[in-house]
Amino acid sequence: NPVEKGHPGQIRRAVEQMLAAERPVIYTGGGVILSDASEELREFVKTTGFPITSTLMGLGAYPGTDEGFLGMLGMHGTYRANMVTGACDLMVAVGVRFDDRVTGRTDAFASQAEVVHIDIDPTSIRKNVPVSTPVVGDCRITVKELNRMLAEAGPIYDPSSRRKWLDQIEDWKSTRPLAYEQRDSIKPQFVIEQLYEL
């Protein structure tokens, strides 16, 4: 009998943290896919304007072609996603386990950030990393409620207030871009690009 609806007080506290954040990031995992919360997640990102990263299990829940998507996080992730995680002041984690392939040393993971953790499994919250605002509930139902509360709170997306943060992210994107050189042999990246175009 899992708790499906997140506690309103905890969701409200998460909203307050989002309104105050200067360097936020959304971190998503397989729980978003399992709860069929992609539509709610897209609305959440659009409302907040926060950059977003994902675990391997969460890939596909949010469009990889979106400019705000940083790519996958962790040991096999992108430079930009890992740099954002290390420098953010607020991490909104949705449907994730914080496993060691993402965190590495847990004492150093997102060390400057307050963490909001939304997950239906209460044993996953605070299991691997400290959490400032735990929200136990189904991802789709909880993010939908989060979106409703954000709408009531008024406009949250103001790029000018986070210009320095967004500029820093652009700098990280250009430092280590997702690029490759096609030479004599066919690269796997080229194959994936061709499949995507088709």
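Look a little higher up for the structure.
Right, let's walk through the structure included here. (Residues numbered from 1 in each chain as written. Predicted model: local features only at pLDDT ≥ 70, side-chain atom pairs only at ≥ 80, totals over all residues. Heavy atoms only, no water.)

**What about unusual backbone geometry?**
If you check the backbone angles, Ala110 has positive phi at about 45 degrees while not being a glycine. Owing to a relative accessible area of 7%, Ala110 belongs among the buried residues under this scheme. Of note, Arg126 is a non-glycine position whose phi angle comes to about 70 degrees, a positive value. Note that Arg126 resides in the loop between strand E5 (114–119) and strand E6 (133–136). (Buried < 20%, exposed > 50% of the residue type's maximum accessible area, 1.4 Å probe, protein only. Helix = DSSP H or I, 4+ residues; strand = E, 2+ residues; numbered from the N terminus.)

**What to know about helix H3 (residues 38–48)**
All of the buried residues along H3 are Ser38, Glu40, Leu41, Phe44, Val45 and Thr48. End-on view of H3: buried residues confined to an arc of 160 degrees, all on one side of the axis. The outward face of H3, more than 90 degrees from its buried face, is lined by the exposed residues Glu39 and Lys46. Residues of H3 that are buried sit in contact with helix H1 (8–20), strand E1 (24–28), helix H2 (30–34), strand E2 (52–54), strand E4 (90–94) and helix H6 (139–153). One or two positions beyond H3, positive phi appears at Gly49, with a value near 75 degrees. (Arc of directions from axis to C-beta. Contact = heavy atoms within 4.5 Å.)

**Some details on the environment of Arg105**
With respect to the helices and strands, Arg105 occurs in the loop between helix H5 (100–103) and E5. Of the residues examined, Arg105 reaches a relative accessible area of 59% and is grouped as exposed. Along the primary structure Arg105 and Leu195 are separated by 90 residues, whereas in three dimensions their C-alpha atoms are 36 Å apart. At 3.1 Å, the side chain of Arg105 and the side chain of Asp107 are in polar contact. (Polar contact = N/O pair within 3.5 Å; in protein donor to acceptor, adjacent residues only side chain to side chain.)

**Points about the environment of Ala108**
Within the fold, Ala108 resides in the loop between H5 and E5. Since its relative accessible area comes to 40%, Ala108 is described here as partly exposed. Sequence separation between Ala108 and Val129 is 21 residues; the distance between their C-alpha atoms is 9.7 Å.

**Here's the deal with the state of the cysteines**
The final tally for this structure, using the stated rule, is 0 disulfides. With no disulfide of its own, Cys88 has Cys139 as its nearest cysteine by sulfur position, at a separation of 18 Å. For Cys139, a relative accessible area of 4% puts it in the buried group. (Disulfide = S-S within 2.5 Å.)

**A word on a nonpolar patch on the surface**
A cluster of nonpolar side chains, contributed by Ile186, Val191, Ile192, Leu195 and Leu198, occupies part of the molecular surface with about 580 Å² of accessible area. Take Val191: its relative accessible area is 38%, and that puts it in the partly exposed class. (Patch = residues over 30% accessible without salt bridge, like charges linked within 9 Å, V, L, I, M, F, W, Y side chains within 5 Å. Areas by Shrake-Rupley, 256 points an atom, 1.4 Å probe, with all protein chains shown as cover. Salt bridge = Lys/Arg side-chain N within 4 Å of Asp/Glu carboxyl O.)

**Points about the nonpolar core**
The biggest cluster of nonpolar side chains holds 28 residues, and the ones touching the most others in it are Met18, Ile26, Leu41, Phe44, Val92 and Leu146. Looking at this core, the elements that each hand over two or more residues are H1, H3, E4, E5 and H6. Here Phe44 is in contact with Met18, Ile26, Val92, Val143, Leu146, Asn147 and Leu150, once residues within four sequence places are set aside. By size, the runner-up hydrophobic cluster in this structure holds 23 residues, among which are Val84, Phe98, Val131 and Ile169. (Core = buried A, V, L, I, M, F, W, Y, C linked by side-chain atoms within 4.5 Å.)

**As for the sheet that holds E1**
Taken together, 6 strands build an open sheet; the order of strands is E3-E2-E1-E4-E5-E6 and the sheet is parallel. The open sheet has two edge strands, strand E3 (69–72) and E6, and neither has a second partner. Going from strand to strand, the sheet's axes swing by 15 degrees on average, the running direction of each strand aside. As paired strands, E1 and E4 are joined by 5 bridges and run parallel to one another. From the neighbouring strand, Val25 faces E4, where its bridge partner is Met91. Relative to E5, H6 is tilted by about 130 degrees, and along the sheet it contacts E4, E5 and E6. (Pairing = 2+ DSSP bridges. Axes fitted to C-alpha atoms, helices over the stretch in contact; angles between N-to-C directions.)

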